Amino acid sequence: MWYLLIYQLVDNYLEAREAYRADHFKHVKEAQVKDAFFMGGAFDDGKEAGLLFKVGNKQEVAHFVLNDPYYKAGLVTSWEAKLWHVVIGPE
């Protein structure tokens, strides 16, 4: 199943992320190797980010979040994983 993970970010996210960015990317790449993570990035407003996952259940996305260095450092103020019913695109 596809899930779109939406992060709400702290106001000073762009500055604060630098200390944790390498560890965050390592965490993301570990999920990518497992074919769970597909793409991610921040939105123009700098207040939100979106990450796309293909996993068996929402708990796998929650596990990713709870172990994400950005989340652990308090850069993520809240998050939501939405089940995304893909109509057209990769299977």
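Bear in mind that the values here come from a model prediction, so they are computed numbers and not experimental data.

A word on helix α2 (residues 21-33)
Okay, step 1: Here α2 is 13 residues long and its end C-alpha atoms lie 18 Å apart, about the 18 Å a rise of 1.5 Å per residue gives.
Okay, step 2: Turning to α2, its buried residues are His24, His27, Val28 and Ala31. An end-on view of α2 places all buried positions within 95° of arc, on one side of the element. The exposed set on the far side of α2, more than 90 degrees from its buried face, consists of Ala22, Lys26, Lys29 and Val33.

Points about the side chain of Asp68
Okay, step 1: Looking at the secondary structure, you find Asp68 in the loop between α3 (58-66) and α4 (69-72).
Okay, step 2: One buried charged side chain, Asp68, makes no salt bridge at all; its nearest oppositely charged neighbour is Lys72, positioned 8.7 Å away.
Okay, step 3: If we skip the residues at most four places from it in the chain, Asp68 touches Tyr7, His24 and His27.

A closer look at unusual backbone geometry
Okay, step 1: Positive phi, normally seen in glycine, also occurs at Asp35, with a value near 60°.
Okay, step 2: By secondary structure assignment, the location of Asp35 is in the loop between α2 and β2 (37-42).

Side note on the environment of Glu80
Okay, step 1: With respect to the helices and strands, Glu80 occurs in strand β4 (residues 76-84).
Okay, step 2: With residues up to four places along the chain from it excluded, the contact list for Glu80 reads Leu4, Leu5 and Ile6.

Section: the side chain of His24
Okay, step 1: Among the secondary structure elements, His24 is positioned in helix α2.
Okay, step 2: Using a relative accessible area of 8% as the deciding quantity, one classes His24 as buried.
Okay, step 3: Sequence-distant contacts of His24, that is, excluding residues within four places in its chain, are made with Asp68, Pro69 and Tyr70.

Quick word on the sheet that holds β4
Okay, step 1: Strand order in this open sheet of 4 strands is β2-β3-β1-β4, and the pairing throughout is antiparallel. A single partner strand is all that each edge strand has here, and the edge strands are β2 and β4. Pairs of neighbouring strands in the sheet enclose a mean axial angle of 15°, with direction left out of account.
Okay, step 2: Pairing analysis gives 5 bridges linking β2 to strand β3 (residues 48-54), with the strands arranged antiparallel. Bridging from a neighbouring strand, Gly40 pairs with Leu51 of β3.
Okay, step 3: α3 contacts β1 (2-9), β3 and β4 of the sheet and is inclined by roughly 35° relative to β1.

Digging into the pattern of salt bridges
Okay, step 1: For the structure shown, the criterion picks out 1 salt bridge.
Okay, step 2: Across the pair Arg17 and Glu18 runs a salt bridge, and its minimum N-O distance is 3.5 Å.
Okay, step 3: Overall, the relative accessible area of 16% leaves Arg17 in the buried class.

Calculation rules
Residues numbered from 1 in each chain as written. Predicted model: local features only at pLDDT ≥ 70, side-chain atom pairs only at ≥ 80, totals over all residues. Heavy atoms only, no water. Helix = DSSP H or I, 4+ residues; strand = E, 2+ residues; numbered from the N terminus. Expected span 1.5 Å × (residues − 1). Buried < 20%, exposed > 50% of the residue type's maximum accessible area, 1.4 Å probe, protein only. Arc of directions from axis to C-beta. Lys, Arg positive; Asp, Glu negative; His and termini not counted. Salt bridge = Lys/Arg side-chain N within 4 Å of Asp/Glu carboxyl O. Contact = heavy atoms within 4.5 Å. Pairing = 2+ DSSP bridges. Axes fitted to C-alpha atoms, helices over the stretch in contact; angles between N-to-C directions.

The values are spatial; any link to function lies outside them.
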